[in-house]
Amino acid sequence: MTLVSETIEQAAPAPAAAVRSRVSVPLRFADGFTADAEVLTFSGLTDGKEHLLLALGDWEQALLDAARGGSGPLVRLHSECLTGDVFGSQRCDCGPQLREAVERIAAAGGFLLYLRQEGRGIGLYSKLDAYALQDGGLDTYEANLALGHGEDERDYTAAAQMLGALGAGTVRLLSNNPDKAAQLTVLGVDVSTQIATGVHVSPANLRYLTAKRDHTSHTLQLPPDAGPGRDEPRSSILAGTAARPAAAVPVVVPTHDEMLARAQGLIPGLRERAAETEQLRRIPDSTMAELRSAEIFHMLSPKAAGGFGMGLETYVDVVRRLARGCASTAWSVGHLVEHVWMLARWPREAQDEVFANGPAPLAAATGAPAGVAEKVPGGYSISGRWTFASGVMHSEWALLAAQHGAVRLQCLVPLADVEVLDVWHTAGLRGTGSNDILARNLFVPEHRALDWELLAAEANPGSELHQDPLIHTPMGALLNMVAPAAALGSAEYAVELFRELLMVRKVKHTVETRQADSPLAQVRYAQAYGLVATARLHWQEAVRVVSSSHARRPSIMTDRERADYRLSLALSGEASAEAVRLVMTGSGGSVHRLSHPLQRIQRDVNVLLNHAALTRDPVLEQAGRGLLGLGFTVPTF
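Description of the structure in this document. Worth saying up front: this structure is predicted, and the values here are computed from it rather than measured.

Some points on the nonpolar core
Phase 1: Of all hydrophobic cores here, the largest spans 96 residues; its most connected members are Ile296, Met299, Tyr315, Leu322, Tyr565 and Leu598.
Phase 2: A per-element tally of this core places helix α16 (residues 482-504) first, with 14 residues.
Phase 3: Once residues within four sequence positions are removed from consideration, Met299 is found in contact with Met259, Phe308, Gly309, Met310, Thr314, Tyr315, Val318 and Val337.
Phase 4: Counting residues in each nonpolar core, the second largest holds 28 residues, with Ala17, Ala158, Ala168 and Leu173 among its members.

Digging into the environment of Glu142
Phase 1: Note on placement: Glu142 falls in helix α5 (residues 140-146).
Phase 2: When the C-alpha positions of Glu142 and Gly325 are compared, they lie 41 Å apart, and in sequence the two are 183 residues distant.

Concerning the sheet that holds strand β11 (residues 407-414)
Phase 1: In spatial order, the strands read β12-β13-β9-β8-β10-β11-β14; together these 7 strands make up an open sheet with mixed pairing. In the strand order of this sheet, the two ends are held by β12 (419-421) and β14 (449-451), each with one partner. On average, each strand axis in the sheet is tilted by 25° relative to the strand beside it, whichever way the strands run.
Phase 2: By the bridge criterion, 8 bridges tie strand β10 (residues 397-404) to β11 in an arrangement that is antiparallel. Counted as the bridge partner of Ala402 is Leu409 from β11.
Phase 3: Contacts from helix α13 (residues 327-343) reach β8 (363-376), β10 and β11, with the element oriented near 35° to β8.

Considerations on the sheet that holds strand β1 (residues 18-28)
Phase 1: Strand order in the open sheet formed by 7 strands is β1-β2-β3-β5-β4-β6-β7, and the pairing between neighbours is mixed. The two strands at the open ends of the sheet, each matched to only one other strand, are β1 and β7 (190-195). Between one strand axis and the next, the sheet turns by 30° as a mean value, whatever way the strands run.
Phase 2: The pairing of strand β4 (residues 74-79) with strand β5 (residues 110-115) spans 6 bridges and is parallel.

Considerations on unusual backbone geometry
Phase 1: Here the bond from Ala368 into Pro369 is cis, since omega is -10°, no more than 30 degrees from zero.
Phase 2: Take Pro369: it is sitting in strand β8.
Phase 3: The phi dihedral of Arg120 falls on the positive side, at around 55°, and the residue is not glycine.
Phase 4: Tracing the backbone through its elements, the reader meets Arg120 in the loop between β5 and α4 (124-135).
Phase 5: Despite not being glycine, Phe388 shows a phi value in the positive range, around 55°.

With respect to the pairing of strand β6 (residues 170-174)
For a regular strand, the rule is simple: side chains alternate between the two faces of the sheet.
Phase 1: With 4 of its 5 residues buried, β6 lies for the most part within the structure.
Phase 2: Pairing of β4 with β6, which is carried by 2 bridges, proceeds in the parallel orientation. Looking across to β6, one finds that Val75 is bridged to Leu173.
Phase 3: Bridge analysis of β6 against β7 gives 5 bridges, and the strand direction is parallel. Counted as the bridge partner of Val171 is Val191 from β7.
Phase 4: Running through helix α7 (residues 178-186), the crossover from β6 to the neighbouring parallel element β7 is right-handed.

Notes on a nonpolar patch on the surface
Phase 1: On the surface, Leu82, Val86 and Phe87 cluster together to form a nonpolar patch covering roughly 310 Å² of accessible area.
Phase 2: Relative to the helices and strands, Phe87 resides in the loop between α2 (82-86) and α3 (94-108).

Thoughts on helix α17 (residues 519-550)
For an α-helix the count is 3.6 residues per turn, leaving residues at separations of three or four pointing the same way.
Phase 1: In this model α17 runs 47 Å from its N-terminal to its C-terminal C-alpha over 32 residues, within 8% of the 46 Å that 1.5 Å per residue would give.
Phase 2: Within the sequence span of α17, burial applies to Ala521, Ala528, Val532, Ala535, Trp539, Ala542, Val543, Val545, Val546, Ser547, Ser549 and His550.
Phase 3: Each element contacted by the buried residues of α17 is listed here: α12 (312-323), α16 and α18 (559-585).

A short note on the pairing of β4
Phase 1: Within β4, 6 of the 6 residues are buried, which leaves the element mostly enclosed by the surrounding structure.
Phase 2: Along β4, one buried face is formed by Leu74, Arg76 and His78 and the opposite face, lined by Val75, Leu77 and Ser79, is buried too.

Reading the values: rules and limits
- Residues numbered from 1 in each chain as written.
- Predicted model: local features only at pLDDT ≥ 70, side-chain atom pairs only at ≥ 80, totals over all residues.
- Heavy atoms only, no water.
- Core = buried A, V, L, I, M, F, W, Y, C linked by side-chain atoms within 4.5 Å.
- Buried < 20%, exposed > 50% of the residue type's maximum accessible area, 1.4 Å probe, protein only.
- Helix = DSSP H or I, 4+ residues; strand = E, 2+ residues; numbered from the N terminus.
- Contact = heavy atoms within 4.5 Å.
- Pairing = 2+ DSSP bridges.
- Axes fitted to C-alpha atoms, helices over the stretch in contact; angles between N-to-C directions.
- Right-handed = clockwise from strand over helix to strand, strands pointing away.
- Patch = residues over 30% accessible without salt bridge, like charges linked within 9 Å, V, L, I, M, F, W, Y side chains within 5 Å.
- Areas by Shrake-Rupley, 256 points an atom, 1.4 Å probe, with all protein chains shown as cover.
- Salt bridge = Lys/Arg side-chain N within 4 Å of Asp/Glu carboxyl O.
- Expected span 1.5 Å × (residues − 1).

As structure tokens, then:
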């Protein structure tokens, strides 16, 4: 798009600067993304600061194309932000924008200008002082003015000089800030196109981004409740062949290993906050912020909505790894991710609502027991009290089962329309906050009520909208995977803790210096270790069976396959629980203190064993029938 009017008065071109040095620097970001940059320094910059230019991708070809009349290299002017770029502060969006810019410029060919203009030019200390004023109620611009600074003191003369030194007279500008384009134009740089960056929203930076949108006309598409803003029509997220808005950032889907590395990186924080999670009876806000930053909730979200569209193997292994830090968090996250996938199976009109604000709408889902639905003009009226609504403390939507005659419906309702009853006081999995949901005569429009059998089928409405393979599979198999993965991860953590205890603990009434020197302790550790290995093999077999069925069309499992995977999951859970029991009996009385993580693991695993996926007797009965070819007496098995 054209950025500025041709009537803008041109200033004198910026004085010439010269390239001072070049050096090759391989870049690696926290999420594993790598890029090769040629870093240039300059002499003759008017402000005397040590600005850098990172030349990325095939930038030389981009310059040649511009000389032949092309639109120019892709360029971002990125102002230094120590707190965001280095420490990952969520008070701004600088860190994610920097990461995004490097990848997009490396792909297109161009330049990242890293400008030493901390805090919109006011400096690091003043920026932190401004943060304190913002905590008192001022927005980011008001805070700068209150400190005696300008709203934005950045001058892009040096940027124009740097571009001029490389012959970049025409550029495509990667920015949401209209002032950058205007200044470059006045300084003699032809901005052929301005391209918006992604919108990197967090609970901590929403006010900051809203101020930028409303005060300085940054091109930011924020959630509809993010301040007054301007009324702008929202088109369908699934319109046409490109399901996301044209200005959206292309989704960079991590590999399986990269996603697991993100989950692994969260484990220390989960362990540190496990007691807090129990005390709060929900996931702490700081943990939710880390989960969002790692894009964990994007895993099963369809690519057309900006998600990753990943497979079963990645999903369940992430849940398992999170359980090595905190079983309650793993349980809640596993279900919240799963429910994003369920939402992607709905018809277009419902998906336009839930995915309007991003690729990871969070929803609780429960059908125990089903409510009652009555047909009314335009939809249904539902009433009921639903239990075990895992993830409800972090959701904006609820998926509720309701019976209408012989038809079981799933009803999609805003969480604000129901009552959440604080009843989750349990011995284990306390941090899941799986409270009850109450609704009385709640109206649900027709497009947000769907026959459960259609939703669960391989040919669900969402399968006509999305290409992601997992959305083209029956729903039942995935619903049994969270509990076994959480039990296995918890048992793996328990054995890890047991090993640490054995290596340092002195046991009373023995001659050994440490418990690990005792033959009895060695035997017990080997047993626990072996049980976890057994649990892992059973779990991997279940994942293999389900994944194999997903890889074919039709993907409906045979009775033998259903028996196989359900039996393997139950046996995995049983072995995990037995490993934890062995660890506890060999770890002494101190591990029963509430401050010790092993007692929490034991309580969590005991509760997990009561989940339908792991309850031994009914699973063994139905699995036996399936393996013998007798058919299931429980159709939903």
